[in-house]
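# Structure at a glance
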Amino acid sequence: MNIDSLLRHKSINNTGFDNATGNSSGRLFTKSGQSNVIRTGIRFIDRISLFHTLINMRLSHFILFAVSAFLVVNLLFAWAYYGIGAVQIGVAQEASAWEQYFECFFFSTQAITTVGYGGLHPNTLMANAVATIEAVFGWMTFAVLTGLIYGRFARPRAYLLFSTHALISPYKEGRALIFRMAPYKNTSLTDAEVLMNLTIKVNENGKKVSKFFQVKPEMSKVSSLSLNWNIVHYINEESPFYGMTESDFAEREVELLVFVKAFDEHFSNIVQQRTSYTADEIVHGAKFNLMFRQSEDKKSTILELDKIDAHESAVLPPQAIM
């Protein structure tokens, strides 16, 4: 590939990524669409937003975190009750040390959740003071937890599934770069729109720097996103991919950045999602298989999401090598 031919395309500089110093490395976006940037220079606690971390955390991790935090807090308050004397909350004095501690633990779980079965209760000033602190702590903690749970369920999300690979496929009289996406929840997405940028490494003044180019899909917007949407970029003379061989993709550390937004009727809001495809995630000489079919009674369409990445080999027509 003649890099001068590529650079005749207008490079874009408004991506928010480094395109001059050559100090950035690695892919720009992870497959899940997160920015691949590690921040340093200030305290760890100042770099982390606990709210955003808990909102964006995987559901299984969030449940594990909440349960673990609940257990740890109650274990600590159990030590407090045990330390002042378990008898002060009504635990039998003749019970063993472990039995007393477990009684304190279960009393703590009842106090922090305001259940209060009544079998145990504080009967001294010190025990009432600890129980009061725990009640206030529990009230605030569960208020925050309720807000986080609501935020996680109410947060607008696109719920789009992307193909693992993008393909260089035969298309028309030439070839095209194609990937596809599909909604995987029972949502209703309309006015879906896609934007794509290409980043490629070039040598400039002795440094390897990133250059960004707009990649135009043949169809950038659809009225309704119900089935899968194949995003097709025709590789012609106006394409930044024109003349690139498979080895060029790896040598130039190609990464295709994908930005999708749509209107979700259930959230009544704009939702968006990002992903990217690096050179090793682009398959040359392949085409996607169909991933939807008629139902047996021919009254519905079956969208087979497990086939979103299903593809087969295909012979690519020759293209001009620039």
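Residues numbered from 1 in each chain as written. Predicted model: local features only at pLDDT ≥ 70, side-chain atom pairs only at ≥ 80, totals over all residues. Heavy atoms only, no water.

### Digging into the overall build of the protein chain
Of the regular secondary structure elements, the protein chain holds 7 helices and 14 strands. For the protein chain, whose C-alpha radius of gyration is 29 Å, the value lies well above the compact-globule estimate of 20 Å for 322 residues. Dimensions of the protein chain, computed from the C-alpha atoms along their principal axes, are close to 90 × 65 × 35 Å. Taking all 322 residues of the protein chain together, the buried fraction comes to 39%. Long-range contacts, defined here as pairs at least 24 residues apart, represent 70% of the contacts in the protein chain between residues at least 6 apart. Approximately 18,900 Å² of the protein chain is accessible, and the part contributed by carbon and sulfur atoms is 56%. One finds the centroid of the 29 positive side-chain charges in the protein chain at a distance of 5 Å from the centroid of its 29 negative side-chain charges. (Helix = DSSP H or I, 4+ residues; strand = E, 2+ residues; numbered from the N terminus. Rg over C-alpha atoms; globule rule 2.2 N^0.38 Å. Buried < 20%, exposed > 50% of the residue type's maximum accessible area, 1.4 Å probe, protein only. Contact = heavy atoms within 4.5 Å. Areas by Shrake-Rupley, 256 points an atom, 1.4 Å probe, with all protein chains shown as cover. Lys, Arg positive; Asp, Glu negative; His and termini not counted. Charge placed at Lys NZ, Arg CZ, Asp CG, Glu CD.)

### A short note on a nonpolar patch on the surface
Together, Leu-59, Ile-63, Val-67, Leu-71 and Leu-75 make up a nonpolar patch on the protein surface, roughly 420 Å² of accessible area in all. Here Val-67 is to be found in helix H4 (residues 59-84). (Patch = residues over 30% accessible without salt bridge, like charges linked within 9 Å, V, L, I, M, F, W, Y side chains within 5 Å. Salt bridge = Lys/Arg side-chain N within 4 Å of Asp/Glu carboxyl O.)

### So, the nonpolar core
If you look at the biggest cluster of nonpolar residues, it comprises 36 residues, and the most contacted ones within it are Phe-179, Phe-241, Leu-256 and Val-258. Apart from residues no more than four positions distant in its own chain, Phe-179 is found in contact with Phe-162, Ser-163, His-165, Ala-166, Met-196, Trp-229, Asn-230, Ile-231, Leu-256, Val-258, Tyr-277 and Phe-288. With 17 residues, the next largest nonpolar core counts Val-73, Phe-77, Leu-120 and Ala-127 among its residues. (Core = buried A, V, L, I, M, F, W, Y, C linked by side-chain atoms within 4.5 Å.)

### Focus on the side chain of Glu-281
Note on placement: Glu-281 falls in the loop between strand E9 (269-278) and strand E10 (282-284). Other than its neighbours up to four places away in sequence, Glu-281 contacts Arg-27, Lys-31, Thr-164, His-165, Ala-166 and Ser-276.

### Observations concerning the confidence of the model for the protein chain
For the protein chain, the average pLDDT comes to 88, and 92% of its residues sit at 70 or higher. Mean pLDDT across the secondary structure elements of the protein chain bottoms out at helix H1 (residues 3-7), with 58, and peaks at strand E7 (residues 229-234), with 96. (pLDDT = per-residue confidence, 0-100.)

### A closer look at unusual backbone geometry
The residue Tyr-159 is not glycine, and still its phi comes out positive at about 50°. Position of Tyr-159 among the secondary structure elements: in the loop between helix H6 (125-154) and strand E1 (160-162). Positive phi, normally seen in glycine, also occurs at Asp-191, with a value near 50°.

### Here we look at helix H5 (residues 97-112)
Look at H5: 22 Å from first C-alpha to last across 16 residues, which is about the 22 Å you get at 1.5 Å a residue. Regarding H5, the residues found buried are Gln-100, Tyr-101, Cys-104, Phe-105, Phe-107, Ser-108, Thr-109, Gln-110, Ala-111 and Ile-112. For H5, the elements touching its buried residues are H4 and H6. Once H5 finishes, Thr-114 follows within two positions and takes phi at roughly 60°, a positive value. (Expected span 1.5 Å × (residues − 1).)

### Quick word on the pattern of salt bridges
In total, this model carries 5 salt bridges according to the counting rule given. The salt bridge involving Arg-43 is made with Asp-46; its shortest N-O contact spans 3.0 Å. The class for Arg-43 is exposed, based on a relative accessible area of 56%. Across the pair Lys-172 and Glu-218 runs a salt bridge, and its minimum N-O distance is 3.1 Å. Residue Lys-172 is found in the loop between strand E2 (166-171) and strand E3 (174-183), and its partner Glu-218 is found in the loop between strand E5 (207-215) and strand E6 (221-225); the two are separated by 46 residues along the sequence. Glu-218 gets classed as partly exposed once you look at its relative accessible area, which sits at 40%. Residues joined by salt bridges that share partners form a network here, namely Arg-293, Glu-304 and Lys-307.

### Some thoughts on the side chain of Asn-228
Positionally, Asn-228 belongs in the loop between E6 and E7. Within the structure, the side chain of Asn-228 is placed 2.9 Å from the side chain of Asn-230, a separation counted as a polar contact. Not counting residues up to four positions away in its chain, the partners in contact with Asn-228 are Arg-180, Met-181, Ala-182, Met-291, Phe-292 and Leu-303. (Polar contact = N/O pair within 3.5 Å; in protein donor to acceptor, adjacent residues only side chain to side chain.)

### Comments concerning the environment of Leu-28
By the element assignment, Leu-28 lies in the loop between H1 and helix H2 (44-47). Taking the C-alpha atoms as reference points, Leu-28 and Gly-285, separated by 257 residues in sequence, lie 25 Å from one another. Contacts of Leu-28, omitting those with residues within four sequence positions, involve Phe-17, Gln-34, Ser-35, Asn-36, Thr-199, Phe-212, Glu-255 and Leu-257.

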